[in-house]
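Below, each chain spelled out in residue letters.
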Amino acid sequence: MKNNDPYAEKHLNRLKILVYLIPIAGFFPAIWTIYSHQGTRQQQAASRLAVTLAVIWLMGYMLLETGARSAENLQLPMLLMSSVLTTTYFLVNVGLMIRILAGKPLWLPGVSQISDRLP
C-alpha cells in the first residue's frame, strides 16, 4: 500500500535541507544533490547555498591560516579572525536551520545572489 501523506513528504524535504546545512559535513550531500540534478527546487537552492557558504568559509580559513603562519607580527590577529570566521559560519548555518524549521525561505544578503549563479 502506497503512503500518499503530503506532510510526510514535506517533513522529508525539510530533513534533507537540514542535512545540507550541517556545517562542513553537509557539503558532501549538498554537492551530490547539485551535480546529480536530484531533489526539488528548494533542495537545489539550499544545496547551492550550503556549498557557497562552505567554499567561502574554506577559502577564508585557508587564507587566514596561511597568513598567520607567514606573518609573525600579525599571527594572533589572523588566528582570531580565523576563529571568528569559523564561528560565524557555524552560527549562520544554525540560523538557516532555524529558518527552515520555522517554515521561512532560505535567504542571505549577498550570498544568496552568488549561490543562485551556481549550475
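My aim in this report is to walk through the structure given alongside it, one point at a time. What you see is a predicted model; the values in this text were computed from it and never measured.

## Topic: unusual backbone geometry
Right, so step 1: Even without being glycine, Ile24 reaches a positive phi, approximately 65°.
Right, so step 2: Along the chain, Ile24 turns up in the loop between helix H1 (6-20) and helix H2 (27-36).
Right, so step 3: In this structure Ile24 comes out as partly exposed when scored by relative accessible area, which is 39%.
Right, so step 4: A positive phi angle, near 55°, is found at His37, a position not held by glycine.

## What to know about the side chain of Ser82
Right, so step 1: Tracing the backbone shows Ser82 in helix H4 (residues 75-101).
Right, so step 2: Excluding its chain neighbours within four sequence positions, the residues that come into contact with Ser82 are Tyr61, Leu64 and Glu65.

## Quick notes on the packing of helix H3 (residues 41-70) against H4
Axis angle and axis distance: for two packed helices, these are the angle between their axes and the distance between the axes, and together they describe the pair.
Right, so step 1: In the contact formed by H3 and H4, the axes pass within 8 Å of each other and the chain directions differ by 170°. The pairing of H3 with H4 is recorded here as roughly antiparallel in orientation. Contacts from Gln42, Leu49, Leu53, Ala54, Trp57, Gly60, Tyr61, Leu64, Glu65, Gly67 and Ala68 of H3 reach H4 at Gln75, Met78, Leu79, Met81, Ser82, Leu85, Thr86, Tyr89, Val92, Asn93, Leu96 and Ile100.
Right, so step 2: In terms of residue class, the contact of H3 with H4 is built from 15 nonpolar, seven polar and one charged.

## Observations concerning the environment of Thr33
Right, so step 1: Looking at the secondary structure, you find Thr33 in helix H2.
Right, so step 2: For the pair Thr33 and Val51, spaced 18 residues apart in sequence, the C-alpha to C-alpha distance is 11 Å.
Right, so step 3: In contact with Thr33, other than residues within four places in its own chain, are Tyr20, Gln38, Gln44 and Ser47.
Right, so step 4: Of the polar contacts made by the side chain of Thr33, one reaches the backbone oxygen of Pro29; its length is 2.9 Å.

About the criteria used
Within each chain, residues carry numbers counting from 1 in the order of the written sequence. Restriction of local features to residues with pLDDT of at least 70 applies here, the model being predicted, together with a cutoff of 80 or more for giving and counting side-chain atom pairs; totals for whole chains, interfaces and linings are based on all residues. To obtain the side-chain values, all non-hydrogen atoms of the structure were used and water was disregarded. Numbering of helices and strands runs from the N terminus, with a helix taken as a DSSP run of H or I at least four residues long and a strand as a DSSP run of E at least two residues long. We call a residue buried when its accessible area falls under 20% of the maximum for its residue type, exposed when it is over 50%, and partly exposed in between, using a 1.4 Å probe and counting protein chains only. By definition in these notes, contact holds between two residues if any of their heavy atoms fall within 4.5 Å. Note on method: axes are straight lines fitted to C-alpha atoms, helices fitted across the in-contact stretch only, with angles between N-to-C directions ranging 0 to 180 degrees. An angle below 35 degrees is treated as roughly parallel, one above 145 as roughly antiparallel, one from 65 to 115 as roughly perpendicular, and anything else as oblique. Under the convention adopted here, Pro, Cys and the residues Ala, Val, Leu, Ile, Met, Phe, Trp and Tyr are nonpolar, Asp, Glu, Lys and Arg are charged, and Gly plus all remaining residues are polar. Definition of a polar contact: a pair of N or O atoms within 3.5 Å, with one able to donate and the other able to accept a hydrogen when the atoms are protein atoms, and with sequence-neighbouring residues admitted only if both atoms are side-chain atoms.

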